[in-house]
Amino acid sequence: LRLLGHAHINEWCVPALHYHVDSVLLRAPGPGPGPGEWLGEGPAVVAGGGEEADAGAPAPEARPEGPVIQANGPVHYLPGTRALLPKRRAMRAHLEAAGWRVIDVPFWLWDEARARDLADLNGSMLHRARLLAALLRGDRAGAALEFDGAAACADAVSDEC
């Protein structure tokens, strides 16, 4: 997220719901960006729930109102499938019902993007950044096709991919 210029908080507890999410994007203070635009000029990130902030971290007034991002590893899925566990689906449904946009990053897409980055031998995170950018745009089908190669799995977070 930092490479994409998105200010965010890692390991954040969603107020009222008390769910812990992997990351949430921050909205700029004041009128700031319009709908769908998130704070993200330069290397701004707040890590670890805010206790460790980069020098370019956003002002404390920045509000965590952006989409929440869930990195779903293999243990978040039913064994031998690409179907999210019921408790993960329920968490997603609760967050969405409360007005949060949820972006799931399935492990098989992340692993493929990481493998491509390692194959480039230049230490870049280009492929992982491209995957996150596609998911942030809401292009799950494009991300799945590019990084999974499975045309039958156009929705990277469907119950049966």
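Conventions used here
- Residues numbered from 1 in each chain as written.
- Predicted model: local features only at pLDDT ≥ 70, side-chain atom pairs only at ≥ 80, totals over all residues.
- Heavy atoms only, no water.
- Helix = DSSP H or I, 4+ residues; strand = E, 2+ residues; numbered from the N terminus.
- Buried < 20%, exposed > 50% of the residue type's maximum accessible area, 1.4 Å probe, protein only.
- Contact = heavy atoms within 4.5 Å.
- Areas by Shrake-Rupley, 256 points an atom, 1.4 Å probe, with all protein chains shown as cover.
- pLDDT = per-residue confidence, 0-100.
- Axes fitted to C-alpha atoms, helices over the stretch in contact; angles between N-to-C directions.
- Parallel < 35°, antiparallel > 145°, perpendicular 65-115°, else oblique.
- Left-handed = near helix turned anticlockwise from the far one by under 90°.
- Nonpolar A, V, L, I, M, F, W, Y, C, P; charged D, E, K, R; others polar.

### A short note on the overall build of the protein chain
Then, number 1: Along the backbone of the protein chain there are four helices and six strands.
Then, number 2: The secondary structure elements of the protein chain, listed N-terminal to C-terminal, are β-β-β-β-β-α-β-α-α-α.
Then, number 3: Every one of the 161 residues in the protein chain was classed for burial, and the buried ones make up 37%.
Then, number 4: Long-range pairs, those at least 24 residues apart, make up 59% of the contacts in the protein chain with a sequence separation of at least 6.
Then, number 5: Split by element, the accessible area of the protein chain, about 8,400 Å² in all, is 57% carbon and sulfur.

### Concerning the environment of L84
Then, number 1: Note on placement: L84 falls in the loop between β5 (68–72) and α1 (86–97).
Then, number 2: L84 gets classed as buried once you look at its relative accessible area, which sits at 5%.
Then, number 3: Between the C-alpha atom of L84 and that of P74, which follows or precedes it by ten residues, the distance is 9.3 Å.

### Here's the deal with the confidence of the model for the protein chain
Then, number 1: Per-residue confidence for the protein chain averages 74 on the pLDDT scale, and 68% of its residues sit at or above 70.
Then, number 2: No element of the protein chain has a lower mean pLDDT than strand β3 (residues 46–47), at 39, and none a higher one than α1, at 95.
Then, number 3: Across residues 29–60 the pLDDT falls below 50, and counting only partners more than four positions away or on other chains, this stretch makes 62 contacts in the model.
Then, number 4: Of the regions scoring below 50 in pLDDT, residues 150–161 engages in 28 contacts with residues more than four places distant in sequence or in other chains.

### A word on the packing of helix α3 (residues 126–136) against helix α4 (residues 140–147)
Then, number 1: Two numbers describe how α3 lies on α4: the axes approach to 7 Å, and their chain directions differ by 150°. For the element pair α3 / α4, the angle class is roughly antiparallel. Crossing of α3 against α4: the hand is left-handed. Across from H127, R130, L131, A134 and L135 in α3, the residues of α4 making contact are R140, A143, E146 and F147.
Then, number 2: For the contact of α3 with α4, the residue count by class is five nonpolar, one polar and three charged.

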